[in-house]
Amino acid sequence: MTTPHSVDHDLIQAAIQVAATRSRGDNHTVAAAARDRDGRIITAMNAYHFTGGPCAELVVIGAAAAQGAYNLVTMVAVGDHGRGVIPPCGRCRQMMLDYFPDLHVIVGAGERLRAVPVAELLPESYRWADHQEDDGQEEHDGQEHDDQREHEDRPTP
């Protein structure tokens, strides 16, 4: 467990405002807000679709990138109709961890609101970056992996 991170109530209010004013039927029912390291707040709505449309947290990650906000430090999602703070689903937790390993996520309700490191929401988690091959910058013992050599020797179709 890490030291408690202060709850960003302005961020929660930004998400509540978007949920209250932009929710439309069943397609947009959750809003998310994220704060960049420079203080900017980025907001977004989910895009529900029966094929598995993106959650609000994922849309806010894309919206942040579109605005040049690449250092998100805190994120929260809230439901429409006054449902309050909603914890992220597993897919969102994994993407948050992979994109922003130091991100804090606001969870809980009422007096139990707290901002926790995303890694605490995924104990014993898989981190995509930890399982990628090196980019060739590290020296090996002079031997290539058999599967790499095999692939390189194959003719191109």
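Further up the page is the structure itself.
Now for a description of the structure that goes with this document. Because the structure is predicted, anything quoted here is derived from the model rather than measured.

**Considering helix 3 (residues 90–99)**
Okay, step 1: Three or more residues of helix 3 are buried, namely Cys-92, Arg-93, Met-96 and Leu-97. The buried residues of helix 3 all sit within an arc of 135° when viewed along its axis, so they share a single face.
Okay, step 2: Lining the buried residues of helix 3 we find helix 2 (56–66), strand 3 (72–79) and strand 5 (104–107).

**Examining the packing of helix 2 against helix 3**
Okay, step 1: Two numbers describe how helix 2 lies on helix 3: the axes approach to 9 Å, and their chain directions differ by 30°. On the basis of the axis angle, helix 2 is roughly parallel to helix 3. Contacts from Glu-57, Leu-58 and Ile-61 in helix 2 reach Arg-91, Cys-92, Met-95, Met-96 and Tyr-99 in helix 3.
Okay, step 2: Classifying every residue of the contact of helix 2 with helix 3 by side-chain character gives 6 nonpolar, no polar and 2 charged.

**Thoughts on unusual backbone geometry**
Okay, step 1: A positive phi angle is found at His-81, which is not glycine, with a value near 55°.
Okay, step 2: Its place among the elements puts His-81 in the loop between strand 3 and strand 4 (84–85).

What counts, and at which threshold
Residues numbered from 1 in each chain as written. Predicted model: local features only at pLDDT ≥ 70, side-chain atom pairs only at ≥ 80, totals over all residues. Heavy atoms only, no water. Buried < 20%, exposed > 50% of the residue type's maximum accessible area, 1.4 Å probe, protein only. Helix = DSSP H or I, 4+ residues; strand = E, 2+ residues; numbered from the N terminus. Arc of directions from axis to C-beta. Contact = heavy atoms within 4.5 Å. Axes fitted to C-alpha atoms, helices over the stretch in contact; angles between N-to-C directions. Parallel < 35°, antiparallel > 145°, perpendicular 65-115°, else oblique. Nonpolar A, V, L, I, M, F, W, Y, C, P; charged D, E, K, R; others polar.

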